[in-house]
Amino acid sequence: MRDMTNDTKMLERRLRSLTTGAAAMSKRASAGLGDAAATEGLLDLAYGFTDSPVGRLLVVQSPHGVVRIEFAESIDDALQELAANVSPRLMESNGATGETRRELDEYFDGRRRDFDSPVDLSAVRGFARKVLDATARIPFGSVSTYRDVAGRAGNARAMRAAGNALGSNPVPIVVPCHRVIRTDGSLGGYGGRLDRKVVLLRLEGALQED
Amino acid sequence: MAIAEMTAFRRPKPRVAARGGTPPFERFLEEQRATVYRFLLGTVGPVDADDVFQDTFLAALRAYPNLRDASNLRGWVLAIATRKAIDLGRSRARRPTPVADPDDAADARTAVAELESGGPDLRDPLWTALRGLPPRQRAAVVHRVVLDRSYAEVAGAMACSQETARANVYQGLKRIREILGD
């Protein structure tokens, strides 16, 4: 009987050691899961990254288009917020974000002036949405003013509201809020990072180098 | 996702909060993947583990929005993995060629070659012994012995009574001993 017990314990120990390395293998097996999930249409949101002259960018895609672009310092918060407030079915997928990331790369390489990827602005309503729609029509290489986009959104006096709408633009760069400046010609704001606005406007030739 | 949901983008959604803290799917994956893979390695073996692992988590992702109780995510995903492993075991058993044939061994060697060092040792005769078990016994043994789960948990994952779970583990271990003793 004692032999049997020892035998059982030994067998159980051997069985347990059989799956050594499972943790590392599970990590590798998870790597393609986001792409597979996107292909099967199981994701509400897919995200990916690209590097740019204004730093690392997060690109988030909904089934309807690019829904979010975030700069480096906001990436972690944005991913948490999206998972908590929009959907937990959010995964990294290079496939689902590939088109938008490629267009961003081309834009920063100077090979693209307009973005073809659809934009999903369905989260933005009312006046703010009209401001972003007006902003989306400002051509590459030119600038507009807060007063002008407020006017084209239907209320030329709502310059502050227009500024707020641009400040919470969920898809900067693609919806070019950097092309909106003050009526006096000064650059205005860009989420506390005016240097990025300068980089983008210089890239487009709308602002001369010093 | 419905368009109506997308429009709630920046606003907090009480429905999600009320659902009882379903974590982001990627965090769930990160927390459960090692256990699920360990289970599948033991039940379906190294050649099929990757595919069944992916099937399991895609099924979990499909069901994720309707998950009512997030208090036992491990039990939930292991139950999915168990169904997949048993289904595969049965379909393999119906095939004319036995699982432990030379082709399969060649596949296994290829898989092993792809593995990083520290992976399982496929020359261990225990693999052959495990493969020799009926799928339900194999699943029960891996749950109980490899994952160290209680009989109540094994029964939950296998959708059977605790007595049946206990019997499957007992029969499985006995059979392994017989095969190893041959």
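Treat the numbers as computed from the prediction; the structure is a model and nothing was measured.

Reading the values: rules and limits
- Residues numbered from 1 in each chain as written.
- Chains lettered and ligands numbered in written order.
- Predicted model: local features only at pLDDT ≥ 70, side-chain atom pairs only at ≥ 80, totals over all residues.
- Helix = DSSP H or I, 4+ residues; strand = E, 2+ residues; numbered from the N terminus.
- Rg over C-alpha atoms; globule rule 2.2 N^0.38 Å.
- Buried ≥ 20, exposed ≤ 12 C-beta atoms within 10 Å, placed from the backbone.
- Contact = placed C-beta atoms within 7 Å.
- Nonpolar A, V, L, I, M, F, W, Y, C, P; charged D, E, K, R; others polar.
- Arc of directions from axis to C-beta.
- pLDDT = per-residue confidence, 0-100.
- Core = buried A, V, L, I, M, F, W, Y, C linked by C-beta atoms within 7 Å.
- Pairing = 2+ DSSP bridges.
- Axes fitted to C-alpha atoms, helices over the stretch in contact; angles between N-to-C directions.
- Expected span 1.5 Å × (residues − 1).

This next bit is on the overall build of chain A. When helices and strands are counted, chain A shows nine helices and six strands. Computed over C-alpha atoms, the radius of gyration of chain A comes to 24 Å, more than 25% over the 17 Å expected from 2.2 N^0.38 for 210 residues, which places it beyond the range of a compact globule. Seen along its three principal axes, the alpha-carbon backbone of chain A occupies a region of about 95 × 35 × 30 Å. Residues counted as buried form 40% of the 210 residues belonging to chain A.

Attention now moves to the overall build of chain B. The secondary structure content of chain B amounts to ten helices and zero strands. Among the 182 residues that make up chain B, the fraction classed as buried is 36%. Partitioning the intrachain contacts of chain B with sequence separation of at least 6 by distance along the chain shows that 73% fall at a separation of at least 24.

Another point: the interface of chain B and chain A. The interface of chain B with chain A comprises 43 residues on the first partner and 37 residues on the second. Among the elements of the structure, α1 (3-6), α3 (25-43), α4 (46-63), α8 (135-146) and α10 (162-181) of chain B are those that each provide at least two residues to the side of chain B that touches chain A. With ten residues, the single largest contributor to the side of chain B that touches chain A is α3(B). Its residues assigned to classes, the side of chain B that touches chain A comprises 27 nonpolar, six polar and ten charged.

Moving on to the environment of A:Ser30. Its location among the elements puts A:Ser30 in helix α2 (residues 22-30). Classification of A:Ser30 by C-beta neighbours within 10 Å gives buried; the count is 21. Contact partners of A:Ser30, with chain neighbours within four places excluded, come to B:Leu29 and B:Arg33.

Once that is clear, we can look at unusual backbone geometry. Backbone geometry places A:Ile173, a non-glycine residue, at a positive phi of 75°. Structurally, A:Ile173 is set in the loop between α8 (159-167) and β6 (180-181). Phi at B:Ala159 is positive, roughly 55°, even though this residue is not glycine. Note on placement: B:Ala159 falls in the loop between α9 (151-158) and α10. Judged by local crowding, B:Ala159 falls into the exposed class, with 11 C-beta atoms found within 10 Å.

All names here are of chain A. Taken as a whole, helix α9 (residues 194-203) has its buried residues at Lys-197, Leu-200 and Leu-201. All buried residues of α9 lie within an arc of 95° about the axis, which places them on one face of the element. Note on α9: the residue one or two positions beyond its end, Gly-205, has a positive phi of about 75°.

Residues and elements named next belong to chain B. Mean pLDDT for chain B: 82, with 74% of residues reaching 70 or above. For residues 1-19, every residue scores under 50 in pLDDT, and the model assigns this stretch 18 contacts once sequence neighbours within four places are set aside. Scored as a complex, the prediction yields pTM 0.85 and ipTM 0.89.

In terms of nonpolar packing, the biggest core is built from 94 residues, with A:Leu45, A:Val131, B:Tyr37 and B:Leu40 touching the most fellow members. By residue number, the principal contributor to this core is α3(B), which donates eight residues. Not counting the four nearest positions on each side in its chain, A:Leu45 is found in contact with A:Val60, A:Gln61, A:Ser62, A:Val67, A:Leu82, A:Val86, A:Ser87 and A:Leu90.

Right, let's get into the sheet that holds strand β3 (residues 65-71) of chain A. All names here are of chain A. Spatially, β3-β2-β1-β4 is the arrangement adopted by the four strands of the open sheet, whose pairing is mixed. Each having just a single partner strand, β3 and β4 (90-92) make up the two edges of the open sheet. Pairs of neighbouring strands in the sheet enclose a mean axial angle of 25°, with direction left out of account. For strand β2 (residues 57-62) and β3, the ladder comprises six bridges, and the chain directions are antiparallel. Of the residues in β3, the one forming a bridge with Leu-58 is Glu-70. Those strands touched by helix α4 (residues 75-85) are β1 (45-50), β2, β3 and β4, and its axis lies near 140° from that of β3.

Turning our attention to the environment of B:Arg166. Along the chain, B:Arg166 falls in helix α10. Spatially, the C-alpha atoms of B:Arg166 and B:Gln137 are 9.8 Å apart, while their sequence positions differ by 29 residues.

Helix length check: α4(B) (18 residues) gives 26 Å between terminal C-alpha atoms against 26 Å at 1.5 Å per residue, within 8%. The set of residues buried in α4(B) consists of B:Pro46, B:Asp48, B:Ala49, B:Asp50, B:Val52, B:Phe53, B:Thr56, B:Phe57, B:Ala60 and B:Leu61.

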